[in-house]
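Fold and contact review
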Amino acid sequence: MKNGKVYLTLQNGKQFVGKRFGADGEVVGELVFTTGMTGYIETLTDPSYYGQIVTQTFPLIGNYGVIPPDSESKKPWVSAYIVREKCDEPSNFRCEETLDKYLEDNGIVGIYGIDTRELTKIVREAGVMNAAITSAPLQNFDEVKAYKIKNAVDSVTCQDVEYYGNENGIKVVVWDFGAKDNIIRELVKRGCYCVKVPSFYTAEQILALNPQGLMLTNGPGDPVENAGIIENLKLLAGKLPIFGICLGHQLFALAMGGKTKKMKYGHRGANQPVKNLETGRVYISSQNHGYEVLSSSLNGKGKLSYVNANDNTCEGFDYPELNAFTVQFHPEACGGPHDASFLFNKFISNVKDGKYNA
């Protein structure tokens with residue numbers, strides 16, 4: 001029932017009572033938080049949030065309503081959405097509907113009226129955990145404790161090949177692990193002809209397209225789960241210029257013999273500082289990931305290029321001998337910041353230089 005009482009129960013037994021908006025229903029998922037002050041449309045439609053109940057730390061969400069052209073994919077992917085206060089009267093000349101109506105139309109359960117500050121503190125201290133949203137107080141915790149995000153990339157990837165941009169442009173294969181649309185927009189803007197292919201494409205199929213470059217996109221879930229993609233990446237490394245973002249960064253590291261691990265609560269938001277180790281310059285970046293690459297596991301494989309200025313985790317790696325580079329953060333972030341958009345220029349430069357092997 002809209003605006004009716006709803007219960008959020010964490011895996012550790014902590015319970016919050018809020019009000020329902022969006023769609024009716026009960027949900028189990030992995031509870032995470034994101035700190036972005038704007039960009040909630042991009043958050044909702046980012047496939048990297050597949051299987052997750054997302055909490056916005058910014059207290060008022062929905063101020064500018066829903067603007068479909070700002071979406072990062074065809075639909076929202078979050079399992080459920082938690083806000084402190086929802087705005088029912090948005091103000092923006094591009095607004096087409098309210099957040100409430102959008103969630104309802106897309107079958108996404110929403111909760112408002114919860115102390116998101118307290119909720120975020122719990123996740124920050126205890127780490128990411130599972131949670132359930134129910135209409136009555138939760139009695140049985142078995143399903144919540146057993147929940148695990150599975151087959152994430154397979155669930156969000158495109159099923160057919162898609163084409164974008166001028167076919168006379170630089171031909172880049174965009175390997176879709178859960179790609180945000182703005183990755184393609186940034187490439188097309190720079191004169192690329194993008195061929196988006198499903199995650200289940202093989203190295204042989206990709207090379208048969210005769211691309212000039214390969215983009216490894218973002219996506220959801222545990223990177224280790226994608227054994228087939230990792231094996232195909234081993235066959236592609238060194239064959240053409242490669243640029244990896246987020247999950248693409250993690251998968252390439254695994255293909256190079258590196259290791260990843262799950263973080264306590266991850267990096268999700270638009271204010272993560274990353275330091276370029278060569279220049280010392282710090283950029284503010286948008287991020288959305290719960291796993292990190294262990295840079296020490298890649299000793300001798302390439303060069304650590306960026307680290308997170310808060311916790312010193314790996315944020316980027318260069319592989320000069322393979323003409324490949326990858327970053328954990330999002331240079332394409334549509335909602336901002338745009339500090340790192342120059343990385344697309346670097347990729348285009350690598351492609352134009354024709355360096356298939358350095």
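Okay, so let's go over this structure. Values in this document were obtained by computation on a predicted structure and should not be read as measured data.

1. Here's the deal with the sheet that holds strand β12 (residues 192–197)
- Strand order in the open sheet made by the ten strands is β10-β12-β11-β13-β14-β19-β18-β17-β15-β16, with mixed pairing throughout. Two strands bound the open sheet, and with one partner strand each, they are β10 (162–164) and β16 (282–294). Each strand of the sheet is rotated relative to its neighbour by a mean of 20 degrees, with strand direction disregarded.
- In terms of strand pairing, strand β15 (residues 259–276) meets β16 through eleven bridges, oriented antiparallel. Bridge assignment links Arg 268 to a residue of β16, and that residue is Asn 288.
- With respect to the sheet, helix α6 (residues 181–189) is in contact with β10, β11 (170–175), β12, β13 (213–216) and β14 (242–245), its orientation differing from that of β12 by roughly 155 degrees.

2. Regarding the pattern of salt bridges
- This model, assessed by the stated rule, comprises 14 salt bridges.
- In this structure, the salt-bridge partner of Glu 231 is Lys 234, at a minimum N-O distance of 3.0 Å. Taken together, the residues Glu 231 and Lys 234, both in helix α8 (residues 227–236) and three residues apart, mark about one turn of the helix.
- Glu 231 gets classed as partly exposed once you look at its relative accessible area, which sits at 45%.
- Several salt bridges share partner residues, and in doing so they unite Glu 186, Lys 189 and Arg 190 into one network.

3. Thoughts on the side chain of Thr 43
- Tracing the backbone shows Thr 43 in helix α1 (residues 40–44).
- Residue Thr 43 is classed as buried on the basis of its relative accessible area, which comes to 10%.
- If near-sequence neighbours (up to four positions away) are discounted, Thr 43 is found in contact with Thr 34, Tyr 49, Val 54, Gln 56 and Val 78.

About the cut-offs
Along each chain, the written sequence defines residue order, and numbers are assigned to residues from 1. Residue-level local features of this predicted model are given only where pLDDT is at least 70; pairs of side-chain atoms are given and counted only at 80 or more, and the full residue set underlies all totals for whole chains, interfaces and linings. Side-chain metrics in this entry use all non-hydrogen atoms of the structure; hydrogen atoms and water are not considered. Two strands qualify as a pair provided that DSSP identifies no fewer than 2 bridges between them. Secondary structure follows DSSP: runs of H or I at least 4 residues long count as helices, runs of E at least 2 residues long count as strands, and numbering of each begins at the N terminus. Only the stretch in contact is used when fitting a helix axis, every axis being a line fitted to C-alpha atoms; angles between N-to-C directions are given from 0 to 180 degrees. Contacts between residues were defined by any pair of non-hydrogen atoms, one from each residue, lying within 4.5 Å. Salt bridge, as applied in this entry: a Lys or Arg side-chain nitrogen positioned within 4 Å of an Asp or Glu carboxyl oxygen. The rule is simple: take the accessible area with a 1.4 Å probe, protein chains only, and divide by the maximum for that residue type; under 20% is buried, over 50% is exposed, in between is partly exposed.

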